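Single-letter residue listing:
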Amino acid sequence: SEFAEYGTAGHTLGEMCLTQELPAKTFKGEILNRSEHFPDGFEVDDEMIDAVQTYVDYCNQLPDDGRMIEEKMEDGRLIEEKVDFSEWVPEGFGTADFIAIDDDILGKRTIQVVDLKMGKGVKVNAENNPQGMLYALGCLDRFVADPEDVVRIAIVQPRLDHISEWEITVKELLEWAVKVVKKKAGEAWAGIMKFSPGEKQCRFCKASATCKALAEQSLQTAMDIFTDIPTRGDLKQIH
């Protein structure tokens, strides 16, 4: 959709700003994310600049002096990085917008996972956010994490003037991964999970067009509506 493609353009601008250490206004007028369906792409205008700069400023103020194992993580940050959580979800992976790792003077580590949302229709909160939690799981195979280390998930949604933050310990995150994620993912992979389609959970699902459970629910909803239509005799009486 146009909204999704605009969001991709915003993420591209954010990556350019963070990797090149430049403000968003530097790229004003550039065209981003040209595609087959949107050959003209999306211009970096004032609205996109303001939104992305809010995200960039948030990321840049985070401490990120963690001691990384991988050479590319020496400065304690990752930008638009693929993360793998297939240990808990078969073939599970995603792209984290921004990750910052910080070790304080007492040796306590904070893993910050930041997600940029360019939408302005639905407000997204960080608390118990599955996407952020899964991305945090995908970071844990990169270094040795203590159970008491902190994972802080942040949702930055600048076009709604909304920033949401939430913390969970590594221990709690792993318990969720084992007790909830791995169990449900295994059932889904085996085809034995009972799906519960609905407006909230299906709104942005890429599989909604071919989802059998959603199709069955939609058919049932339509049948219920037609069942409630008055019969011909009832209509005559109403007339």
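It should be emphasised that the depicted structure is a prediction, and the values quoted were computed from it without experimental measurement. (Residues numbered from 1 in each chain as written. Predicted model: local features only at pLDDT ≥ 70, side-chain atom pairs only at ≥ 80, totals over all residues. Heavy atoms only, no water.)

Trainee: Hey, could you run me through the overall build of the chain in this one?
Mentor: What the chain contains, in helices and strands, is seven helices and seven strands. Along the chain direction, N to C, the helices and strands of the chain fall in the order α-β-β-α-β-β-β-α-β-β-α-α-α-α. Counting over 239 residues, the chain shows a buried share of 38%. In the chain, once contacts between residues fewer than 6 apart in sequence are set aside, the share between residues at least 24 apart is 61%. Here the chain has roughly 14,900 Å² of accessible surface; of this, 53% comes from carbon and sulfur atoms. (Helix = DSSP H or I, 4+ residues; strand = E, 2+ residues; numbered from the N terminus. Buried < 20%, exposed > 50% of the residue type's maximum accessible area, 1.4 Å probe, protein only. Contact = heavy atoms within 4.5 Å. Areas by Shrake-Rupley, 256 points an atom, 1.4 Å probe, with all protein chains shown as cover.)

Trainee: Explain the packing of aromatic side chains here, please?
Mentor: For any pair of aromatic rings, the description rests on two quantities: the centre-to-centre distance and the angle between the ring planes. With the rule as written, the count across this model stands at three aromatic pairs. Considering the side-chain rings of Tyr6 and Phe42, the 6.0 Å spacing of their centres and the 80 degrees angle between planes classify their relative orientation as edge-to-face. In this pair, Tyr6 sits in helix α1 (residues 2-20) while Phe42 sits in strand β2 (residues 42-43), placing the two residues 36 residues apart along the sequence. For Phe42, a relative accessible area of 9% translates into the label buried. Aromatic pair Phe85 and Tyr135: ring centres 6.5 Å apart, planes at 35 degrees, arrangement tilted. Taken together, the residues Phe85 in the loop between β3 (77-84) and β4 (93-103) and Tyr135 in helix α3 (residues 130-139) connect sequence positions 50 residues apart. Residue Phe85 shares its accessibility class with Tyr135, and that shared class is buried. (Phe/Tyr/Trp six-rings, centres within 6.5 Å; stacked < 30°, edge-to-face > 60°.)

Trainee: Is there a simple way to think about the environment of Glu30 in this case?
Mentor: Relative to the elements of secondary structure, Glu30 occurs in the loop between α1 and β1 (31-32). In the structure, Glu30 is positioned 17 residues away from Leu13 in sequence and 9.7 Å away in space, judged by C-alpha atoms. Ignoring anything within four residues of it in the chain, the contact list for Glu30 reads Met16, Phe42, Glu43 and Val44.

Trainee: Any chance you could explain the pattern of salt bridges here in plain terms?
Mentor: Pairing is possible between side chains of opposite charge, provided their charged atoms come close. One pass over the structure, following the stated rule, counts six salt bridges. A salt bridge links Lys120 to Glu47; its shortest N-O distance comes to 3.6 Å. One end of the pair, Lys120, is in the loop between β5 (109-116) and α3; the other, Glu47, is in helix α2 (residues 46-60), and 73 residues separate them in sequence. One salt bridge connects Glu187 with Lys183, and the closest N-O pair in it is separated by 3.0 Å. Placement of the pair is Glu187 and Lys183 together in helix α4 (residues 170-190), with a separation of four residues, close to one helical turn. Through salt bridges with shared partners, one network takes in Glu47, Lys120 and Arg159. (Salt bridge = Lys/Arg side-chain N within 4 Å of Asp/Glu carboxyl O.)

Trainee: Any chance you could explain the confidence of the model for the chain here in plain terms?
Mentor: For residues with low pLDDT, the predicted coordinates do not support detailed interpretation. Looking at the chain, the pLDDT average stands at 83 and 75% of residues meet or exceed 70. With pLDDT under 50 throughout, residues 68-74 is counted as low confidence; its partners more than four residues away or in other chains account for 17 contacts. (pLDDT = per-residue confidence, 0-100.)

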